[in-house]
Amino acid sequence: MTQPAGKTIAPDDRARLDQVFMQVVLDVQAQVQQTQPAQPGNLAAMFHKETVTEALQGCAMLIAGWNQNVVDDAGVIRATKALRALELGDLASRVEKLRQIDEV
């Protein structure tokens, strides 16, 4: 299996930051799953479900990358795009900041 493209995190930093990283991702997942479609109707519900799925898949990519000591760029992009579509800009910003998690 190839390593995801993104920022490599040193194993010591990953161990130290694991709880912070996972808290952000789990919080994003929980909040995304509580969202509702912006408008009534089947079409809005369908698009909402697809967007939620995109956000959750982005989170899964982030976790998979993290397990390989990488902040996965594709996961960040996928999750933030979906979060903004769900009007969760604050969460999108938190996910983007994961790229600098080891610079704190």
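Throughout what follows, the structure given in this document is the object of discussion. (Residues numbered from 1 in each chain as written. Predicted model: local features only at pLDDT ≥ 70, side-chain atom pairs only at ≥ 80, totals over all residues. Heavy atoms only, no water.)

Digging into the packing of helix 2 (residues 42-66) against helix 3 (residues 73-85)
How we decide: Axis geometry follows a simple rule: fit a line to the C-alpha atoms, using only the stretch in contact for helices, then measure angles between N-to-C directions, giving values from 0 to 180 degrees. A run of H or I in DSSP counts as a helix once it spans at least four residues, and a run of E counts as a strand once it spans at least two, with each numbered from the N terminus. Relative orientations are named as follows: roughly parallel for angles under 35 degrees, roughly antiparallel for angles over 145 degrees, roughly perpendicular for angles from 65 to 115 degrees, and oblique for any other angle. Crossings are sorted by hand: turned counterclockwise from the far helix by less than a right angle, the near helix makes the crossing left-handed, and turned clockwise it makes it right-handed. Contacts between residues were defined by any pair of non-hydrogen atoms, one from each residue, lying within 4.5 Å. Three categories are distinguished: nonpolar for Ala, Val, Leu, Ile, Met, Phe, Trp, Tyr, Cys and Pro, charged for Asp, Glu, Lys and Arg, and polar for the others, with Gly belonging to the last.
One can describe the packing of helix 2 onto helix 3 by two numbers: an axis separation of 7 Å at closest approach and a directional angle of 155 degrees. Taken together, helix 2 and helix 3 sit at an angle that is classed as roughly antiparallel. Judged by the twist between their axes, the crossing of helix 2 over helix 3 is left-handed. Here helix 2 contributes Thr51, Glu54, Ala55, Gln57, Gly58, Cys59, Met61 and Leu62 to the contact with helix 3, which in turn contributes Ala74, Gly75, Val76, Arg78, Ala79, Ala82 and Ala85. Within the contact of helix 2 with helix 3, the residues separate by chemical class into nine nonpolar, four polar and two charged.

Brief notes about the layout of surface pockets
What counts is decided by this rule: The definitions used throughout rest on a 1 Å grid laid over the protein atoms alone, on which a cavity is an enclosed set of points accommodating a 1.4 Å probe that cannot get out and a pocket is an open set flanked by protein within 12 Å on both sides along at least five of seven lines; lining residues are those having an atom within 4 Å of a point. Grid points are joined across faces, edges and corners, and a volume is the space filled by probe spheres set on the points.
Approximately 230 Å³ is the volume attributed to the largest pocket. Taken together, Thr35, Gln36, Pro37, Ala38, Gln39, Ala44, Phe47, His48, Thr51, Ala85, Leu86 and Glu87 form the lining of the largest pocket. The element contributing the most residues to the lining of the largest pocket is helix 2, with four residues. Per-class residue counts for the lining of the largest pocket are six nonpolar, five polar and one charged.

Quick notes on the pattern of salt bridges
Our working rule: Here a salt bridge means any side-chain nitrogen of Lys or Arg lying within 4 Å of a carboxyl oxygen belonging to Asp or Glu. For every residue, the accessible area (1.4 Å probe, protein chains only) is compared with the maximum for its type, and the residue is labelled buried under 20%, exposed over 50%, or partly exposed between those bounds.
In total, this model carries seven salt bridges according to the counting rule given. Put simply, Lys7 and Glu103 hold a salt bridge, and the shortest N to O gap is 2.6 Å. In this pair, Lys7 is assigned in strand 1 (residues 6-8) and Glu103 in the segment after helix 4 (89-97), connecting sequence segments 96 residues apart. Judged by its relative accessible area of 24%, Lys7 is partly exposed. Across the pair Asp73 and Arg99 runs a salt bridge, and its minimum N-O distance is 3.3 Å. Here Arg99 lies in the segment after helix 4 and Asp73 lies in helix 3, a separation of 26 residues in the sequence.

Fair warning: the whole summary comes from geometry, so function is off the table for now.
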